[in-house]
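Read off the chains here:
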Amino acid sequence: MSQSSALFSLGQAFLATEFPATIKIGMQSYAAATSGLRSGMALADFGAVAQRSIAFWMPSSALAAAGQPPPSAGASVECTAPAALVGIYTLDAPVMDPTGTTLTLRCLAPAQ
């Protein structure tokens, strides 16, 4: 394993212990780490609109162990814990890390 891959893996392990979450994709639950909710602005045809987003990190092996393919954009990702983040998010983009060990699920939060 290269030095950058090792550092990346250590960073992911740290996030999983410091910012844990439980997510459901379909009927299957997974342990994940979360970035927490972030707010920003997105350009639309009529100007800028407020947009909230969140990211979840999980080991890609969890999907393989469950016999599930990686989810595709537009899929629903339900966060069931922690309580402050409970809700159903829309997957904007699934991104596999360069080592193929961690899947990042970049999601859009529902409008409030």
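Preceding this section is the structure that the text describes.
Definitions and cut-offs
- Per-chain numbering applies: the sequence of each chain, read as written, is numbered from 1 onward.
- With pLDDT at 70 or above as the cut-off, local features in this predicted model cover only qualifying residues; side-chain atom pairs require 80 or more to be listed or tallied, and sums for whole chains, interfaces and linings still use all residues.
- Side-chain measures were taken over the full set of non-hydrogen atoms in the model, leaving aside hydrogen atoms and water.
- Secondary structure counts use DSSP, requiring at least four H or I residues in a row for a helix and at least two E residues in a row for a strand, with both numbered from the N terminus.
- The classification of residues rests on relative accessible area computed with a 1.4 Å probe and restricted to protein chains. Under 20% of the type maximum is buried, over 50% is exposed, and intermediate values are partly exposed.
- By definition in these notes, contact holds between two residues if any of their heavy atoms fall within 4.5 Å.
- In this text, buried Ala, Val, Leu, Ile, Met, Phe, Trp, Tyr and Cys residues form a nonpolar core when linked through side-chain atoms within 4.5 Å.
- Identification of polar contacts relies on pairs of N or O atoms within 3.5 Å, with a donor-acceptor requirement for protein atoms, meaning one able to donate a hydrogen and the other able to accept it, and with residues adjacent in sequence counted only if both atoms are side-chain atoms.

Asks: Is there a simple way to think about the overall build of the protein in this case?
Replies: Counting its secondary structure elements, the protein contains two helices and seven strands. Counting from the amino terminus, helix and strand elements in the protein follow one another as α-β-β-β-β-α-β-β-β. Within the protein, the proportion of its 112 residues that are buried is 31%. Contacts spanning at least 24 positions in sequence make up 46% of the contacts within the protein whose residues lie at least 6 apart.

Asks: Could you clarify how one ought to interpret the nonpolar core in this entry?
Replies: Taken as a class, soluble globular proteins show a tendency for nonpolar side chains to be buried jointly. Counting residues in each nonpolar core, the largest one holds 18 residues, and the members touching the most others are Ile23, Phe56, Met58, Tyr89, Leu105 and Cys107. For this core, the secondary structure elements donating two or more residues are strand E1 (20-25), strand E2 (28-34), strand E4 (47-59), strand E5 (76-81), strand E6 (87-96) and strand E7 (102-108). Once you skip the residues sitting within four places of it in the chain, isoleucine 23 turns out to touch Gln28, Ser29, Tyr30, Ala32, Phe56, Met58, Val77, Glu78, Cys79 and Leu105.

Asks: Would you mind showing me how to read the environment of tyrosine 89 here?
Replies: Here tyrosine 89 shows up in strand E6. The class for tyrosine 89 is buried, based on a relative accessible area of 3%. Residues tyrosine 89 and alanine 109 lie 20 residues apart in sequence; the distance between their C-alpha atoms is 5.0 Å. Separated by 2.6 Å, the side chain of tyrosine 89 and the backbone oxygen of leucine 85 make a polar contact.

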